[in-house]
Amino acid sequence: MVPAGASGVRDYGHLLGDELRRRGKPVDEVWVVNDGHWLVGSFRASARLLGWGLRVPSDTQVVWHYSSFAYGWRGIPLPGVLLGLLLGTRGIQVLTVLHEPAYPWGRRGMRGRLQAVTQWMALPLVVLGSSAVVVTTARRAALLRRLPRPLRREVHDLAVFSTVEVATVGAGQPEGGHGSSLGLLGYTGDGARPDLLFEALGALGPPPGLRVVLIGAPGPESPDGCLWTQLAAAAGLADIIEFTGVVPPEELSRRLQACDIAVLLNEYGPSSRRTTLAVALAHGMPIVALDGPDGWSEIALDGAALIVPCEPQALATALDALLADPSRRRDLGLRARRFYEHRMGVTHVADAITEVLMQL
């Protein structure tokens, strides 16, 4: 079950399905859309999903893509979370990919707490309906391995892969101009810190011709996009920001490659569950990311990205040093690409999932 519009979970599922088909495995995909805003519509989406669970052939293995917000109404879980249990009663093996097990506690006030409590209450039902579980961070894997024995399942930790293929750079690539450019992926949502970037650029004194390119969704007309515009205007930097808006994957890839540095402005850190990190690594971009509690320690250990404290001066110093040193940017980009090829990628995930399904 996925939300209306763009969905990283659906992109992940499509690419994984294509890779499994390439290996000769018969794969069908079933996606139920739930916009999550209307109670009746959300219940109907759950009913459609469970109805499919009653019809699927009994000799099928199911890879269930679960992201907690997609399975409810305004973040409150509905009966769609029972899909695994329904399939299990029919003797069908379910490998559950927990893209987002439950909303973290302590964010977005009372509304966030209500969503977190109800989603954590639903999670045991999801795990009970699973033959094995895939999570996208080591932290989540450790949490699930500590569950009481009736809930304990085989847990596999697999970082997400990039859902944007690297486009060939050619005549269609946007002109970079004579200045430098910072490409920002995942510039909205929980943990996004646009204020930090403008404070850093104020301290740095942006070099002539610098562009800040906000790549992909949601675009300038969204509430988050308006916030970026307001903060830029308040900092006297309104003329340096640029939105691509929603663009096809090939165009997104070219726009990212036209930038000098990829900047990940999330105070929770560069997590292995974030597609934005995977995309930047897969493209071999020199990456500057904020440090945070959800950060992937291997990124820093392998030197695949420059991780800086979540404060303006540290960010300004890192950006200034990289913009002034093309050879260091090239080295950082090579490390990023090498890290991605060794630890991530759809073939890596498909290898692991194929092995788990064979064991089941």
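Residues numbered from 1 in each chain as written. Predicted model: local features only at pLDDT ≥ 70, side-chain atom pairs only at ≥ 80, totals over all residues. Heavy atoms only, no water.

K.L.:
Explanation requested: the overall build of the chain in the structure shown.
P.N.:
Along the chain, the regular secondary structure elements total 13 helices and 12 strands. For 360 residues, the compact-globule estimate of 2.2 N^0.38 gives 21 Å, and the chain sits close to it at 21 Å. Counting all 360 residues of the chain, 49% fall into the buried class. Across the chain, every contact between residues at least 6 apart in sequence was considered, and the portion connecting residues at least 24 apart equals 75%. (Helix = DSSP H or I, 4+ residues; strand = E, 2+ residues; numbered from the N terminus. Rg over C-alpha atoms; globule rule 2.2 N^0.38 Å. Buried < 20%, exposed > 50% of the residue type's maximum accessible area, 1.4 Å probe, protein only. Contact = heavy atoms within 4.5 Å.)

K.L.:
Help me understand the environment of P194 in this model?
P.N.:
On the secondary structure map, P194 appears in helix 6 (residues 194-204). C-alpha of P194 to C-alpha of L123: the two residues are 71 residues apart in sequence and 32 Å apart in space. Excluding anything up to four places from it in sequence, P194 contacts L227, W228, L231 and L265.

K.L.:
Would you explain the pattern of salt bridges in this entry?
P.N.:
A pair can form between side chains of opposite charge whenever their charged atoms are brought close. Tallying each qualifying case throughout the model produces 20 salt bridges. The partner of R23 in a salt bridge is E19, with the nearest N and O atoms 3.0 Å apart. We classify R23 as partly exposed; its relative accessible area is 31%. R254 is the salt-bridge partner of E251, the closest N and O atoms lying 3.7 Å from each other. Of this pair, E251 and R254 both sit in helix 8 (residues 249-257), three residues apart, which is roughly one turn of the helix. Assessed through its relative accessible area of 15%, R254 is described here as buried. (Salt bridge = Lys/Arg side-chain N within 4 Å of Asp/Glu carboxyl O.)

K.L.:
Looking at this model, I keep getting lost on unusual backbone geometry. Mind explaining?
P.N.:
Excluding glycine, most residues fall at negative phi; most peptide bonds, likewise, are trans. A cis geometry characterises the amide bond from A217 onward to P218, with omega recorded as 5°. Looking at the element boundaries, P218 is found in the loop between strand 8 (211-215) and helix 7 (223-234). With phi around 50°, R74 is a residue other than glycine that occupies positive phi space. Assignment of secondary structure puts R74 in the loop between strand 2 (72-73) and strand 3 (76-77). With a relative accessible area of 39%, R74 lands in the partly exposed category.

K.L.:
I keep staring at helix 6 and nothing clicks. Help me out?
P.N.:
Every α-helix carries 3.6 residues per turn, so stepping three or four residues along brings you back to the same face. Turning to helix 6, its buried residues are P194, L196, L197, F198, A200 and L201. Those residues of helix 6 hidden inside the fold are in contact with strand 7 (181-184), strand 8, helix 7, strand 9 (241-245), strand 11 (287-290) and helix 11 (312-323). Of the residues trailing helix 6, G205 is marked for its positive phi of about 75°.

K.L.:
I would appreciate a short explanation of the nonpolar core in the present structure.
P.N.:
When a protein is soluble and globular, its nonpolar side chains tend to lie buried together. If you look at the biggest cluster of nonpolar residues, it comprises 42 residues, and the most contacted ones within it are L16, L185, L281, I287, I299 and M344. Residue contributions to this core peak at six residues, all from helix 9 (residues 275-282). Those residues within four positions of L16 in sequence are excluded, and the remaining contacts are H65, F161, V346, V349, A350 and I353. (Core = buried A, V, L, I, M, F, W, Y, C linked by side-chain atoms within 4.5 Å.)

K.L.:
How should a nonpolar patch on the surface be read in this particular structure?
P.N.:
A cluster of nonpolar residues, L82, L125 and L128, forms a patch on the protein surface that exposes about 200 Å² of accessible area. Looking at the secondary structure, you find L128 in helix 4 (residues 109-128). (Patch = residues over 30% accessible without salt bridge, like charges linked within 9 Å, V, L, I, M, F, W, Y side chains within 5 Å. Areas by Shrake-Rupley, 256 points an atom, 1.4 Å probe, with all protein chains shown as cover.)

K.L.:
For this particular structure, what's the right way to read the packing of aromatic side chains?
P.N.:
In this description, an aromatic ring pair is defined by two values, namely the gap between the centres and the angle between the planes. With the rule as written, the count across this model stands at nine aromatic pairs. Measuring from centroid to centroid gives 6.0 Å for W64 and Y71, while their planes differ by 70°, and the two rings are edge-to-face. When its relative accessible area of 0% is taken as the criterion, Y71 is described as buried. Within the aromatic cluster, the residues linked to one another by ring pairs are Y187, F198, W228 and F243. Positioned above the aromatic ring of Y268 is the side chain of R107, whose terminal nitrogen or guanidinium carbon lies 3.7 Å from the ring centre. Its end group placed over the ring of W105, R113 keeps NZ or CZ at 5.6 Å from the ring centre. (Phe/Tyr/Trp six-rings, centres within 6.5 Å; stacked < 30°, edge-to-face > 60°. Lys NZ or Arg CZ within 6 Å of the ring centre and 35° of its normal.)

K.L.:
Hey, could you run me through the confidence of the model for the chain in this one?
P.N.:
Close reading of the predicted structure is inappropriate where its pLDDT is low. Of the residues in the chain, 97% have a pLDDT of 70 or more, and the chain-wide mean is 92. Low pLDDT, under 50, characterises residues 171-177; the stretch is placed with eight contacts to residues that sit more than four places away or in other chains. (pLDDT = per-residue confidence, 0-100.)

K.L.:
Is there a simple way to explain the pairing of strand 5 (residues 132-135) in this structure?
P.N.:
Successive residues of a regular strand alternate their side chains across the two faces of the sheet. What you see with strand 5 is no split at all: A132 and V134 on one side and V133 and V135 on the other are buried throughout. Where strand 4 (residues 93-100) lies against strand 5, four bridges are found, and the strand directions are parallel. Its bridge partner lying in strand 5, L95 is registered against A132. Chirality of the crossover, the property in question, places the unit of strand 4, helix 4 and strand 5 among those that are right-handed. Running through helix 5 (residues 138-145), the crossover from strand 5 to the neighbouring parallel element strand 6 (residues 154-157) is right-handed. (Pairing = 2+ DSSP bridges. Right-handed = clockwise from strand over helix to strand, strands pointing away.)

K.L.:
How do you make sense of the side chain of E19 when you look at a structure like this?
P.N.:
Mapping E19 onto the fold places it in helix 1 (residues 8-22). Taking the relative accessible area as the measure of exposure, E19 reaches 8% and is therefore buried. Within the local environment of E19, its side chain forms a polar contact with the side chain of R23, the two groups lying 3.0 Å apart. (Polar contact = N/O pair within 3.5 Å; in protein donor to acceptor, adjacent residues only side chain to side chain.)

K.L.:
Just to check I follow, could you spell out the sheet that holds strand 10 (residues 261-264) for this structure?
P.N.:
The strands making up a sheet are joined through hydrogen bonds of the backbone, oriented either antiparallel or parallel. With respect to topology, six strands assemble into an open sheet ordered 9-8-7-10-11-12, the strand pairing being parallel. Lying at the two open borders of the sheet, with one neighbouring strand each, are strand 9 and strand 12 (306-308). Neighbour-to-neighbour, the strand axes of the sheet open up by a mean angle of 25°, direction not taken into account. As paired strands, strand 11 and strand 12 are joined by three bridges and run parallel to one another. Residue V288 lies in a different strand from strand 12, and its bridge partner there is L306. Lying on the sheet, helix 6 is in contact with strand 7, strand 8, strand 9 and strand 11; it crosses strand 7 at an angle near 170°. Running over the sheet, helix 8 touches strand 8, strand 9 and strand 10 and is turned about 155° from strand 8. (Axes fitted to C-alpha atoms, helices over the stretch in contact; angles between N-to-C directions.)

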